[in-house]
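Breakdown of the fold
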Amino acid sequence: NAGVTQTPKFRVLKTGQSMTLLCAQDMNHEYMYWYRQDPGMGLRLIHYSVGEGTTAKGEVPDGYNVSRLKKQNFLLGLESAAPSQTSVYFCASSGPFEKLFFGSGTQLSVL
Amino acid sequence: AQSVTQPDIHITVSEGASLELRCNYSYGATPYLFWYVQSPGQGLQLLLKYFSGDTLVQGIKGFEAEFKRSQSSFNLRKPSVHWSDAAEYFCAVLNTGNQFYFGTGTSLTVIP
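Treat the numbers as computed from the prediction; the structure is a model and nothing was measured. (Residues numbered from 1 in each chain as written. Chains lettered and ligands numbered in written order. Predicted model: local features only at pLDDT ≥ 70, side-chain atom pairs only at ≥ 80, totals over all residues. Heavy atoms only, no water.)

Right, let's get into unusual backbone geometry. Of note, the amide linkage connecting A:Thr7 to A:Pro8 takes the cis form, showing an omega dihedral of -10 degrees. The residue A:Pro8 is located in the loop between strand S1 (4-7) and strand S2 (10-13) in this model. At B:Lys61, a position not held by glycine, the phi torsion is positive, near 60 degrees. For B:Lys61, the location among the structural elements is in the loop between strand S7 (56-58) and strand S8 (64-68). (Helix = DSSP H or I, 4+ residues; strand = E, 2+ residues; numbered from the N terminus.)

Have a look at this one:
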């Protein structure tokens, strides 16, 4: 049972480039989330989804877009990367009022 | 709106000493509260959770936490710390929309 899988694990971008982070879960969870983790800031919610075809903004959504075309996948896009988006990104999923299952993270550097 | 405050950025304890990590929450309804631990370079692992009932909850690795509604607190405790407990600890609140909001974390150093 793979749980939550994120790809890629590492990525370096130049300012202005675009990319997509992929998240897949095999637990049939309705809820999926994207967080970013920065030193001294904890985990901040970027976007989340309460089911296939739905997305919603979290605490820090600016500069990011998401899509949930299939229940098991949640994609995070950066249209025009900025140095302020250098961070570690975590995908997570959960059932209703259950614990979060986290992916292993993506280290993104924007130069 | 909901929020979580972890007032201690960094704590250092000696191995074998007791530990208490503080967490205060702000949430209008009955909170669902969690503690997660993150070892260096790893994802987050659930230590324990509180939904309702007994205000003292037991978790993995010998951790426990006490929910105090009057103080809006959910402090994490361990009677005797082991070197392997060195990690970053996050408190989180879950709202009725099933969104988790995390505190800024407390980094724990354990000295021999």
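Let's pick the thread back up.
Let us look at the interface of chain B and chain A. Of the residues lining the interface, 21 residues belong to chain B; the matching set on chain A comes to 21 residues. Taking both sides of the interface into account, the surface hidden between chain B and chain A amounts to around 1700 Å²; carbon and sulfur atoms contribute 62%. It is B:Asn98, B:Phe100 and B:Phe102 that lose the most area in chain B upon contact with chain A, and together they represent 32% of the buried surface on that side. Along the contact surface separating chain B from chain A lie 0 salt bridges. Our enumeration of links across chain B and chain A arrives at 7 residue pairs in polar contact (both at pLDDT 80 or more). Of all the secondary structure elements, the ones that give two or more residues to the side of chain B that touches chain A are strand S5 (32-38), strand S6 (44-50), strand S10 (87-94) and strand S11 (100-102) of chain B. Ranked by residue count, the leading element in the side of chain B that touches chain A is S5(B), at 4 residues. Split by residue class, the side of chain B that touches chain A holds 11 nonpolar, 10 polar and no charged. (Contact = heavy atoms within 4.5 Å. Buried area = accessible area lost by both parts, 1.4 Å probe. Salt bridge = Lys/Arg side-chain N within 4 Å of Asp/Glu carboxyl O. Polar contact = N/O pair within 3.5 Å; in protein donor to acceptor, adjacent residues only side chain to side chain. Nonpolar A, V, L, I, M, F, W, Y, C, P; charged D, E, K, R; others polar.)

This brings us to the nonpolar core. Of all hydrophobic cores here, the largest spans 47 residues; its most connected members are A:Phe102, B:Trp35, B:Phe74, B:Tyr89 and B:Phe102. Per element, the largest residue contribution to this core is 7 residues, and it comes from S10(B). (Core = buried A, V, L, I, M, F, W, Y, C linked by side-chain atoms within 4.5 Å. Buried < 20%, exposed > 50% of the residue type's maximum accessible area, 1.4 Å probe, protein only.)

One pass over the structure, following the stated rule, counts 18 aromatic pairs over all chains. With a centroid separation of 5.9 Å and an interplanar angle of 85 degrees, the aromatic rings of A:Tyr33 and B:Phe100 are classed as edge-to-face. Of this pair, A:Tyr33 sits in strand S4 (residues 31-38) while B:Phe100 is found in strand S11, placing the two residues in two different chains. Neither A:Tyr33 nor B:Phe100 differs from the other in exposure class; each is buried. Considering the side-chain rings of A:Phe97 and B:Tyr32, the 5.2 Å spacing of their centres and the 65 degrees angle between planes classify their relative orientation as edge-to-face. (Phe/Tyr/Trp six-rings, centres within 6.5 Å; stacked < 30°, edge-to-face > 60°.)

Residue and element names in this part refer to chain A. Taken across its 8 residues, S4 has 8 buried, putting it largely inside the fold. In S4, alternate side chains face the same way, and those of Tyr-31, Tyr-33, Tyr-35 and Gln-37 on one face and Met-32, Trp-34, Arg-36 and Asp-38 on the other are all buried. Of the strand pairs in this sheet, S4 and strand S9 (residues 87-94) are connected by 7 bridges, and their pairing is antiparallel. Paired with Arg-36 across the bridge in S9 is Tyr-89. In textbook terms, the turn of a hairpin is the stretch between consecutive antiparallel strands, and for S4 and strand S5 (residues 42-49) this stretch comprises 3 residues, one of which, Gly-40, has a positive phi near 75 degrees. (Pairing = 2+ DSSP bridges.)

As a further point, take the environment of A:Thr55. All names here are of chain A. Tracing the backbone shows Thr-55 in the loop between S5 and strand S6 (56-57). The class of Thr-55 is partly exposed, set by a relative accessible area of 44%. Sequence-wise, Thr-55 and Phe-101 are 46 residues apart; in three dimensions their C-alpha atoms are separated by 18 Å. Setting aside its immediate chain neighbours within four residues, Thr-55 contacts Tyr-48, Ser-49, Val-66, Ser-67, Arg-68 and Phe-74.

Residue and element names in this part refer to chain A. One ladder, built from 3 bridges, connects strand S3 (residues 19-25) with strand S8 (residues 75-78); its direction is antiparallel. Among the inter-strand pairings, Thr-20 is bridged to a residue of S8, identified as Gly-77. Pairing analysis gives 4 bridges linking strand S7 (residues 64-67) to S8, with the strands arranged antiparallel. Each residue of the ladder has a partner; that of Ser-67, found in S8, is Leu-75.

Our next topic: the pattern of salt bridges. Residues and elements named next belong to chain A. Inspection of every chain in the model, using the stated rule, returns 7 salt bridges over all chains. A salt bridge links Glu-30 to Lys-71; the nearest nitrogen and oxygen atoms lie 2.9 Å apart. One end of the pair, Glu-30, is in the loop between S3 and S4; the other, Lys-71, is in the loop between S7 and S8, with 41 residues separating them in the sequence. Members of the salt-bridge network, linked through shared partners, are Arg-36, Asp-38 and Arg-44.

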